[in-house]
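# Chain and residue survey
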Amino acid sequence: MLEKIRALDIERFVALLLGVFAIAELTQAMQLSIYEEFTLGPGAMPLIYGVGLLIFAVLLGLTASPKEKAPPERPDEKMDEPGRNYRAGIVTFSLLILFVVLIFFIGFLPSLIIFSFLHLCLVMRLSLLKAAVFSLLWGGGLYYAFDHLLEVQLEPGLLFG
Amino acid sequence: MQMLSLLGAGFERMWDPWLLVMCFAGTFAGTLVGVLPGLGPSAAIAVLLPLTYGSDPLVALVSLAGIYYGAMYGGTITSVLLNVPGESASVVTTYDGYPMARQGRGGAALGVAAIGSFIAGTMGLIFLTLVAVPLSKFALDFGPPEYFAVMILAFVMVSSLARGNLIKCFLALFLGLLLSTVGQDVVSGATRLTWGSTDLVDGVGFIPAVVGMFGMAEVIHDLINPSEFVETPTQKIRVRDVFLTWADFRRSVGAMFRGGLLGFFVGILPGAGATIASFLSYGLERRLSKTPEKFGTGMIEGVAGPESANNSASSGAFVPLLTLGIPGSSTTAVLIGAFVLLGIQPGPRMMTEHADVTWGLIASMYVGNVMLLAQNILLVPLFIWLLRVGRQVMPVIVACICVVGVYSIDNSMWEVWIMVIFTALGYAFKSAGIPAAPLVIALVLGQSAEYSLRQSLVISMGSPGIFFTRPICIVLFAIALLCLTWPLIRDRMRGLEEAE
């Protein structure tokens, strides 16, 4: 039952989100010309696509039903169920945001190490020592590969820049 | 003869040591992706896509295609030894592969899968080689209206033949199409839907979108929904166990060829793919067997047929991809994106405009199949070891490569934030059962479709009649219409059958 309600809610949530997005983009598209000499103007296709998105978002919102939920893309893949490890997903996504914010302040190398360490400790439940050793090796190795071997100028961060 | 000389030129390019190294790396990574439950080939290609950005197109495509067909081989190892399919196309292998491992014949199951995959994969490539030249000649007649029709067909096929209901598929398609219009208009130069942001003038990047939707979203989804995992393989496998006995080979060789033939033709159909091919092959072998009741208890034909079929299907999927630019699955949709990013538009003119890349890629698949045969016989113990140690650190590895890889494309944190947004969207899509493939293909082909449409209208002085006076356009639109109405026709026919 809980699963059905959750599936219903996520479908309606996605429908609402995309519906609002479609309306916002339509207001922008309407400011562009839709016709040019012998062909369509720059606003024509965004207008058509925006209307299409809005129609299907409304249809999804109206027809959302847990019964209609698509089968998983891979047969071995399990559908979300209550009791699954939502904590792991939420923590991972939060750490990902923290990772990107940290890059801005302290640059790639420390951020890579901190993200790897926190994820291995908090989500994968590795021992502190194992997590620290792997994070240092992996973070350092990846930074070296990109910064020195591939010569990609990785962000040094506000603090060290 | 022309086909042989083109293929010969492709093999000549493959003598480049760097290409051979990348082919090995791609097939090895593909096998590893197949071995590790959770990460699929589409996610792996998406994650590694930024690393190939800016490199020689053939080098990049050889490694990315290697991941795709390598995953078909790798999925077998966990199916046989742990009863956990590493990839959807290997689900059916668990039916007889795992019982074989429990009987102490895991090595034979892995051996027959490797040899069957090699034979069928090579068969599929021979068919691909045979149809590529005639289709490319036919495609020389294509102009903007035909290109537009091909793209409409691709959108309709990917949406109407994807799993799930049509509303969700078209929702994803229209979102992708709308996002493809963001940025500078290719015809007039006007900026569209940017909300005044200079970062959006170049549009929504394909790489951040695909890495977020397929790479990071899949990692998060798998962390939330972990696969049941048997920690210890039922049997220790040594290299010599993988070599087949003559009796086993004789029993399975027919199934290998049948699976190869069936798999190729199923693989050509968009939306069908390797998974359906493997299930159909299993059903066929069971029907042809004198002892169908023994299937599910460790019949070697039950491993040989499906494993051959899924490999041949992955070769078949390259036919619509290379000749028409139509993807059959989410993995080939990501591959099409890779082609476009590398400056190659897959489709009618690819065989003539980029013949060296096309035939180099086809030749690399022959070479890759030989490499995979060797890897899957000699490196099985290594893959089992990696399976044990790799699972805990895989999410961190993937997440770090996603962030650093996306940043490295333009040295831009903006692209990284776009990836984070698409990660959230990708997870929401997965949870709501909305397929990501239509969005990805729309994002890749949306701009070209719009350009072709507007060019066609200029040619016809603004008349849409141009699409209905050209025979190829009419045929392509008719097929698109059939695809669109096929679910309704099928339901109606079923209803009539039930009524009778």
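Remember, predicted model here, so these are calculated numbers, not experimental data. (Residues numbered from 1 in each chain as written. Chains lettered and ligands numbered in written order. Predicted model: local features only at pLDDT ≥ 70, side-chain atom pairs only at ≥ 80, totals over all residues.)

This brings us to the overall build of chain A. Looking only at helices and strands, chain A features five helices and two strands. Traced from its N-terminal end to its C-terminal end, chain A shows the element sequence α-β-β-α-α-α-α. By the burial criterion, 35% of the 161 residues in chain A qualify as buried. Partitioning the contacts of chain A with sequence separation of at least 6, the portion at a separation of at least 24 is 56%. (Helix = DSSP H or I, 4+ residues; strand = E, 2+ residues; numbered from the N terminus. Buried ≥ 20, exposed ≤ 12 C-beta atoms within 10 Å, placed from the backbone. Contact = placed C-beta atoms within 7 Å.)

Along the backbone of chain B there are 20 helices and two strands. Relative to the 2.2 N^0.38 estimate, which gives 23 Å for 500 residues, the radius of gyration of chain B is 23 Å and therefore close to what a compact globule would have. If you line up chain B on its principal axes, its C-alpha atoms span 70 × 55 × 55 Å. Sorting the 500 residues of chain B into buried and exposed places 62% on the buried side. At a minimum sequence separation of 6, the contacts of chain B that also span at least 24 residues come to 80%. (Rg over C-alpha atoms; globule rule 2.2 N^0.38 Å.)

This next bit is on helix α18 (residues 413-432) of chain B. Residues and elements named next belong to chain B. Relative to the 28 Å expected for 20 residues at 1.5 Å per residue, α18 spans 29 Å between its end C-alpha atoms, a close match to the ideal helical length. Counting buried positions over the 20 residues of α18 gives 14, a clear majority of the element. Once α18 ends, the next one or two residues include Gly-433, with phi positive near 70°. (Expected span 1.5 Å × (residues − 1).)

Residue and element names in this part refer to chain B. Packing of helix α3 (residues 41-52) against helix α17 (residues 380-410) leaves a shortest axis separation of 8 Å and a crossing angle of 35°. The two elements α3 and α17 cross, and the hand of that crossing is left-handed. The segment α3 lies against α17, with Val-47, Pro-50 and Leu-51 engaging Val-398, Ile-401, Cys-402, Gly-405, Val-406, Ser-408 and Ile-409. (Axes fitted to C-alpha atoms, helices over the stretch in contact; angles between N-to-C directions. Left-handed = near helix turned anticlockwise from the far one by under 90°.)

Take the interface of chain B and chain A next. By a widely used convention, the size of an interface equals the accessible area lost when the partners come together. On the chain A side, the residues contacting the 60 residues of chain B number 63 residues. Elements supplying a minimum of two residues to the side of chain B that touches chain A: α8 (166-180), α9 (206-224), α17, α18 and α19 (437-459) of chain B. At ten residues, the largest contribution of residues to the side of chain B that touches chain A is made by α17 of chain B. Looking at the side of chain B that touches chain A, its residues break down into 37 nonpolar, 17 polar and six charged. (Nonpolar A, V, L, I, M, F, W, Y, C, P; charged D, E, K, R; others polar.)

Below, the discussion takes up unusual backbone geometry. Keep in mind that most residues, glycine aside, have a negative phi and that most peptide bonds are trans. Residue and element names in this part refer to chain B. Positive phi outside glycine occurs at Trp-195, with the angle close to 55°. Mapped onto the fold, Trp-195 is located in the loop between β2 (191-192) and α9. At Met-461, a residue that is not glycine, the phi angle is positive and equals roughly 55°. Mapped onto the elements, Met-461 comes out in the loop between α19 and α20 (471-499).

This part covers the confidence of the model for chain B. Chain-level pLDDT for chain B is 83 on average; 94% of the residues reach the 70-or-more range. Model confidence for the complex: the whole-complex pTM is 0.80, and ipTM, which rates the interface, is 0.86. (pLDDT = per-residue confidence, 0-100.)

Along the polypeptide, Ser-278 of chain B turns up in helix α11 (residues 273-288). Dropping the residues within four chain positions of it, Ser-278 of chain B is found in contact with Ala-89, Val-92, Pro-306, Ala-309 and Asn-310 of chain B.

Relative to each other, helix α5 (residues 128-149) of chain A and α17 of chain B sit at 25°, their axes nearing to 11 Å. Looking at the two axes, α5 of chain A sits roughly parallel to α17 of chain B. Note that α5 of chain A runs across α17 of chain B; the crossing there is right-handed. Contact residues: α5 of chain A offers Phe-134, Trp-138, Leu-142 and Phe-146 of chain A, while α17 of chain B offers Val-393, Val-396, Ile-397, Cys-400, Val-404 and Ser-408 of chain B. (Parallel < 35°, antiparallel > 145°, perpendicular 65-115°, else oblique.)

One rule of thumb: low pLDDT means the predicted coordinates there are not for detailed reading. Of the residues in chain A, 83% reach a pLDDT of 70 or more, and the chain-wide mean stands at 84. Long-range and interchain partners of residues 73-80 of chain A, a stretch whose pLDDT sits below 50, account for 18 contacts in this model, where long-range means more than four residues apart.

Attention now moves to helix α3 (residues 86-106) of chain A. All names here are of chain A. Counted at 1.5 Å a residue, the expected span for α3 with its 21 residues is 30 Å, and the 29 Å between its end C-alpha atoms agrees. Within α3 the residues assigned to the buried category are Ala-88, Gly-89, Thr-92, Leu-95, Leu-96, Phe-99 and Ile-103. Projected down its long axis, α3 shows its buried positions confined to an angular sector of 125°, all on one face. With respect to the buried face of α3, the exposed residues turned more than 90 degrees away are Arg-87, Ser-94 and Val-101. Just downstream of α3, Gly-107 is the residue with a positive phi angle, here 85°. (Arc of directions from axis to C-beta.)

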